[in-house]
Amino acid sequence: MNECVILHDVRVIDPGSGTDSVRDLCILDGVLLNVLPDGRDGCVHVDGRGLVASPSFIDLHCHLRQPGSEDKETVRTGTMAAAAGGFGTVCCMPNTRPPMDTAANVRALLDIVRTDAVVEVLPFGTVTVGRLGREVADLEGLAVAGVVGFSDDGDYVLDSVVMRDALERAAELQLPVIDHAQDGGLVMGGVMNEGEVSTLLGVPGMPPAAEELAVCRDIALARTTGAHVHIAHITTGRAVEMVRRAQDEGLKVTAEATPHHMVLTDECAIIVEGQNGERGFNNQAKVNPPLRNSADAMAVARGLADGVISAIATDHAPHTVGNKQGSPESAAFGISGFETALGLVLKRYHEGVVSLPRLVHALTCGGAGILRLPDSRVSFPDDSLVNLTLFDPDYEWTVDSAHFLSKGKNTPVDGWTLRGKVLATFIAGKCVHVDEALRSRCTGGDITSQ
Ligand code: DOR
């Protein structure tokens, strides 16, 4: 274990206190010191020039698959992948087997988390029993067991009476409801965004209207109940505008964007196959909600830039190789997202669409604000156990999913060159990930993860 790490000349973006400056940081026995120890021997010195240090990232939305689908991911592998992506805190969705619809199920998950997780894990409970959309789950019992909000993610709560009842109860508990906003009937059987590309490929589409109808209803219910409705993985420009208007009205409506919906488009779903160069559908790009067209992806990125969308969330959704094979209709929805999240969102920074401090804010304060975590989690208070992500916004690397720490190798960006990489992640004073690329910047020893 390293006792003393000094990051020299690193750009410290501290969104909690709104500061952004180049300085030295010292981590001694996991505690952040603002005054460097005098002439101490045995420190690891890191050349931090060109690097950024921020509070470790918070992911509001991921799938760790345990219990029930350990062939896709476990708490252990998922949180190792999260650490590699710079995330010190992740919120896991309740579509496990069994789902997190009872306090007992949540307690059993938290027992696994205590022994196996390498980063902080905060669970969501379901909105409805069995995620079936019929009967509201025991939200009060789930809250006592430790959930940080409720979601039937993967499915929309179609019945408005059930949703209103759930929102009223969630409001009493002062917890958010995370809304998978896709009108079920309209997306039934769909594989990708409904538009020119789905027509070209001849596969069933999922219309943007499915999201916009769902967002519209849930904003109306947020108004009726006073509850906090959080729109998960928003994808359309019109949905972003609805959220903006709801916020202008003073409603408790927030939204998150995934790296893939901010950057990728439905054209990623085109693959050229066979000797005749026929175009087919790339199952790796199958995700729910679907990748939209470039105008929508840009509208989401701009919504993130101007703050209507407060958080970046990965929707890390690992699957086995087999789950992603087969016909477009039978392949599973989802992208393994932890390890490419930063490299993808930085694309919008390198294009000049979003500033670096704004991206860092969305990766940290965004989630913290929605979960109402203490300000100290997204800042660098003196003499406290450090939560820190160190990254190089310019480091170029080629995605090779075979090297993912996640069991899920499913990504449409395999083989892509991304610019920007996480070099180290600390949570609660522990270094939980170090990238090989950091070694050449270290003198006096190496930083090692614990
Ligand atoms: O693409 C997705 N995959 N979207 C979801 O909402 C669920 C997720 C999963 O669990 O695989």
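Residues numbered from 1 in each chain as written. Predicted model: local features only at pLDDT ≥ 70, side-chain atom pairs only at ≥ 80, totals over all residues. Heavy atoms only, no water.

Chemist: Looking at this structure, I do not really get the pairing of strand 1 (residues 4-14). What am I missing?
Modeler: When a strand is regular, its side chains alternate between the sheet's two faces. The element strand 1 is largely enclosed, with a buried count of 8 among its 11 residues. Two successive antiparallel strands, strand 1 and strand 2 (residues 19-28), enclose a turn made up of 4 residues, where Gly-18 displays a positive phi of approximately 70 degrees. The pairing of strand 1 with strand 4 (residues 44-47) spans 4 bridges and is parallel. When the bridges of strand 4 are listed, Leu-7 appears paired with Val-46. (Buried < 20%, exposed > 50% of the residue type's maximum accessible area, 1.4 Å probe, protein only. Helix = DSSP H or I, 4+ residues; strand = E, 2+ residues; numbered from the N terminus. Pairing = 2+ DSSP bridges.)

Chemist: Even after reading the chapter, I still don't get the sheet that holds strand 7 (residues 87-92), so can you show me in this structure?
Modeler: Consider a sheet: its strands pair through backbone hydrogen bonds, and that pairing is either parallel or antiparallel. Taken in spatial order, the 3 strands make up an open sheet running 6-7-8, and their pairing is parallel. Because the sheet does not close on itself, it has two edges, and the strands there are strand 6 (57-62) and strand 8 (120-123). Adjacent strand axes in the sheet meet at a mean angle of 20 degrees, parallel and antiparallel pairs treated alike. Two strands pair when backbone bridges link them, and strand 7 and strand 8 are joined in this way by 4 bridges, in the parallel orientation. Bridge pairing in strand 8 places Thr-89 opposite Glu-120. (Axes fitted to C-alpha atoms, helices over the stretch in contact; angles between N-to-C directions.)

Chemist: Where do I start with the nonpolar core in this structure?
Modeler: When a protein is soluble and globular, its nonpolar side chains tend to lie buried together. Formed by 100 residues in total, the largest nonpolar core has its most connected members in Val-90, Ile-231 and Met-262. If we ignore the near neighbours within four places in the chain, the residues touching Ile-231 are Asp-179, Ala-181, Val-215, Val-243, Val-253, Thr-254, Ala-255 and Glu-256. Val-10, Val-12, Ala-53 and Cys-431 belong to the second-largest nonpolar core, a separate cluster that totals 24 residues. (Core = buried A, V, L, I, M, F, W, Y, C linked by side-chain atoms within 4.5 Å. Contact = heavy atoms within 4.5 Å.)

Chemist: It is not clear to me how the packing of helix 4 (residues 160-173) against helix 7 (residues 208-225) should be interpreted in this structure. Could you clarify?
Modeler: Any two packed helices are characterised by how steeply their axes cross, that is the angle between the axes, and by the distance between the axes. Contact pair helix 4 / helix 7: the axes reach a minimum separation of 10 Å and the direction vectors enclose 45 degrees. Relative to helix 7, the element helix 4 is oriented oblique. Crossing angle aside, the handedness with which helix 4 passes helix 7 is right-handed. Between helix 4 and helix 7, the residues in contact are Ser-160, Met-163, Arg-164, Leu-167, Glu-168 and Ala-171 and Arg-217, Asp-218, Leu-221, Ala-222, Thr-224 and Thr-225, respectively. Looking at the contact of helix 4 with helix 7 residue by residue, the class counts come to 5 nonpolar, 3 polar and 4 charged. (Parallel < 35°, antiparallel > 145°, perpendicular 65-115°, else oblique. Left-handed = near helix turned anticlockwise from the far one by under 90°. Nonpolar A, V, L, I, M, F, W, Y, C, P; charged D, E, K, R; others polar.)

Chemist: Can you walk me through unusual backbone geometry in this structure?
Modeler: Backbone geometry follows two general trends: most residues other than glycine have a negative phi, and most peptide bonds adopt the trans configuration. Geometrically, the link from Arg-97 to Pro-98 is a cis peptide bond, its omega value of 5 degrees lying close to zero. Tracing the sequence through the fold places Pro-98 in the loop between strand 7 and helix 2 (103-116). Here Asn-288 and Pro-289 are connected by a cis peptide whose omega angle stands at 0 degrees. Mapped onto the elements of the fold, Pro-289 is located in the loop between strand 16 (278-281) and helix 10 (294-305). If you check the backbone angles, Arg-131 has positive phi at about 60 degrees while not being a glycine. Within the element layout of this structure, Arg-131 appears in the loop between strand 8 and helix 3 (139-145). Positive phi is not limited to glycine here, since Arg-372 has a value of about 55 degrees.

Chemist: Would you mind going over the pattern of salt bridges with me for this structure?
Modeler: It is possible for side chains of opposite charge to pair when their charged atoms get near one another. Throughout the structure, instances matching the rule amount to 17 salt bridges. Here Arg-244 and Glu-241 are joined by a salt bridge, their closest N and O atoms 2.9 Å apart. Of this pair, Arg-244 and Glu-241 both sit in helix 8 (residues 237-248), 3 residues apart, which is roughly one turn of the helix. By relative accessible area, Glu-241 is classed as partly exposed at 32%. Within the structure, one salt-bridge network assembled from shared partners comprises Glu-241, Arg-244 and Asp-306. (Salt bridge = Lys/Arg side-chain N within 4 Å of Asp/Glu carboxyl O.)

Chemist: Any chance you could explain the site of the ligand here in plain terms?
Modeler: Not every one of the 13 residues close to the ligand is listed here, only the nearest: Arg-65, Asn-95, His-180, Asn-288 and His-319. Residue Asn-288 places a main-chain N or O atom 2.6 Å away from a nitrogen atom belonging to the ligand. In this structure, Phe-333 approaches the ligand through a main-chain N or O atom, which is 3.2 Å from a nitrogen atom. Across the complex, the protein chains shield 93% of the 290 Å² of accessible surface that the ligand would expose by itself. Residue composition of the shell around the ligand, by class: 3 nonpolar, 7 polar and 3 charged. (Near = heavy atom within 4 Å. Polar contact = N/O pair within 3.5 Å; in protein donor to acceptor, adjacent residues only side chain to side chain. Areas by Shrake-Rupley, 256 points an atom, 1.4 Å probe, with all protein chains shown as cover.)

Chemist: Help me understand the pairing of strand 19 (residues 417-427), please; the structure alone is not making it clear to me.
Modeler: Across the 11 residues of strand 19, 9 count as buried, placing the element largely inside the fold. As paired elements, strand 18 (residues 388-398) and strand 19 share 8 bridges and run antiparallel to each other. Of the residues in strand 19, the one forming a bridge with Leu-390 is Ala-424. Relative to strand 20 (residues 430-434), strand 19 is paired through 4 bridges, and the arrangement is antiparallel. Paired with Ile-427 across the bridge in strand 20 is Lys-430. Connecting strand 19 to the antiparallel partner strand 20 that follows it, the hairpin turn spans 2 residues, and Ala-428 within it adopts a positive phi of roughly 50 degrees.

Chemist: How should I be thinking about the environment of Ser-310 in this particular structure?
Modeler: Here Ser-310 lies in the loop between helix 10 and strand 17 (311-312). Counting along the chain gives 53 residues from Ser-310 to Leu-363, while the straight-line C-alpha distance between them is 8.9 Å. If we skip the residues at most four places from it in the chain, Ser-310 touches Thr-254, Ala-255, Arg-358, Ala-362, Gly-366 and Ile-370.

Chemist: Any chance you could explain the state of the cysteines here in plain terms?
Modeler: Covalent bonding between the sulfur atoms of two cysteines is what defines a disulfide. Overall, the coordinates contain 1 disulfide when judged by the stated rule. The disulfide that involves Cys-4 links it to Cys-43, with 2.4 Å between the sulfurs. Because the sign of the S-S torsion sets the handedness, a value of about 85 degrees for the bond joining Cys-4 and Cys-43 places this disulfide among the right-handed ones. Here the residue Cys-4 occupies a position in strand 1, and Cys-43 occupies one in the loop between strand 3 (31-33) and strand 4, the gap between them amounting to 39 residues. With no disulfide of its own, Cys-62 has Cys-92 as its nearest cysteine by sulfur position, at a separation of 5.8 Å. Using a relative accessible area of 0% as the deciding quantity, one classes Cys-62 as buried. (Disulfide = S-S within 2.5 Å.)

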